[in-house]
Amino acid sequence: MKASVIARSQVTESPIDERFRLIAFNRYLKNVKEVPVASGLSKWVFCCPFCGAMGRTESKKNERKGVLLWNVLQNSWVFFCARQGSAECSGGGKTFEKFLSALDDDLAEQYRIDRWNSGTTGKGHNCPDPISIKKVNKHS
Ligand SMILES: [Zn+2]
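Keep in mind that what you see is a predicted model, and the values were worked out from it rather than measured. (Residues numbered from 1 in each chain as written. Predicted model: local features only at pLDDT ≥ 70, side-chain atom pairs only at ≥ 80, totals over all residues.)

Student: Residues and numbers for helix α4 (residues 96-103), please.
Tutor: Every buried residue of α4 is listed here: F96, E97, F99 and L100. When α4 is viewed along its axis, its buried side chains cluster within an angular range of 160° and face the same direction. (Buried ≥ 20, exposed ≤ 12 C-beta atoms within 10 Å, placed from the backbone. Helix = DSSP H or I, 4+ residues; strand = E, 2+ residues; numbered from the N terminus. Arc of directions from axis to C-beta.)

This is how it looks when you write it as structure tokens:
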């Protein structure tokens, strides 16, 4: 049984990521579905919020081309779109923070503030400091 030798990876989603993921699902994403993957992790698939509406037919519009994949190194979600039909979803993966930014600036700022409060923004983290904090810290 080779599979039992390999340490099973786990989605260790932070409560902040979970909360904002659910907000994003409820407000912005259509046809959300959880899909198990071979490594024991799961991923979330949905209509790409950036290019999904561009589909020519109803079934094309409902195709789940957007995905949140668990990234073990970042310990967070990374967004990809298989169609890459718009500037926002082209050019490789997006960190969860960049994904939220592309969906809703205000929501992303709330996310950055929560992350900042938990001490997980800035250098060495996958989330920049909140914009409002940066302004306060400018000494010019
Ligand atoms: Zn897309």
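What follows picks up the thread again.
Student: Explain the pairing of strand β2 (residues 42-46) to me, using residue names and the numbers behind them.
Tutor: As defined by bridge partners, strand β1 (residues 33-36) adjoins β2 across four bridges and the pair is classed as antiparallel. By the bridge assignment, E34 is partnered in β2 with W44. Connecting β1 to the antiparallel partner β2 that follows it, the hairpin turn spans five residues, and G40 within it adopts a positive phi of roughly 95°. Relative to strand β3 (residues 66-71), β2 runs antiparallel, the two sharing three bridges. Bridging across to β3, W44 finds its partner in L68. (Pairing = 2+ DSSP bridges.)

Student: Talk me through the nonpolar core; I want residue IDs and the actual numbers.
Tutor: The tendency in soluble globular proteins is for nonpolar side chains to be buried as a group. If you look at the biggest cluster of nonpolar residues, it comprises 21 residues, and the most contacted ones within it are C48, W77 and L100. Elements with a minimum of two residues in this core: α2 (15-28), β2, β3, β4 (76-81), α4 and α5 (105-117). Here the element with the most residues in this core is β4; it accounts for four residues. In contact with W77, not counting residues within four places along its chain, are D17, R21, L68, L69, W70, N71 and F96. (Core = buried A, V, L, I, M, F, W, Y, C linked by C-beta atoms within 7 Å. Contact = placed C-beta atoms within 7 Å.)

Student: Describe the confidence of the model for the protein chain, naming the residues involved and giving the relevant values.
Tutor: Mean pLDDT for the protein chain: 88, with 89% of residues reaching 70 or above. Of the regions scoring below 50 in pLDDT, residues 1-7 engages in zero contacts with residues more than four places distant in sequence or in other chains. (pLDDT = per-residue confidence, 0-100.)

Student: If you had to explain the environment of Q110 to someone new, which residues and values would you point to?
Tutor: Its place among the elements puts Q110 in helix α5. Through-space distance from the C-alpha of Q110 to that of F20 is 9.1 Å; in sequence the pair is 90 residues apart.

Student: Tell me about the environment of V11, residues and numbers included.
Tutor: Relative to the elements of secondary structure, V11 occurs in the loop between α1 (2-5) and α2. It is 7.9 Å that separates the C-alpha atoms of V11 and N75, two residues lying 64 residues apart in sequence.

Student: Account for the pairing of β3, naming residues and giving values.
Tutor: Because side chains alternate across β3, one face comprises the buried residues G66, L68 and W70, and the other comprises V67, L69 and N71, none of which is buried. In this sheet, β4 lies alongside β3 in antiparallel orientation, the contact comprising six bridges. Across the sheet, the residue bridging to G66 is C81, located in β4. The turn joining β3 and β4, which pair antiparallel and follow one another in sequence, is formed by four residues; a positive phi near 55° is taken by N75.

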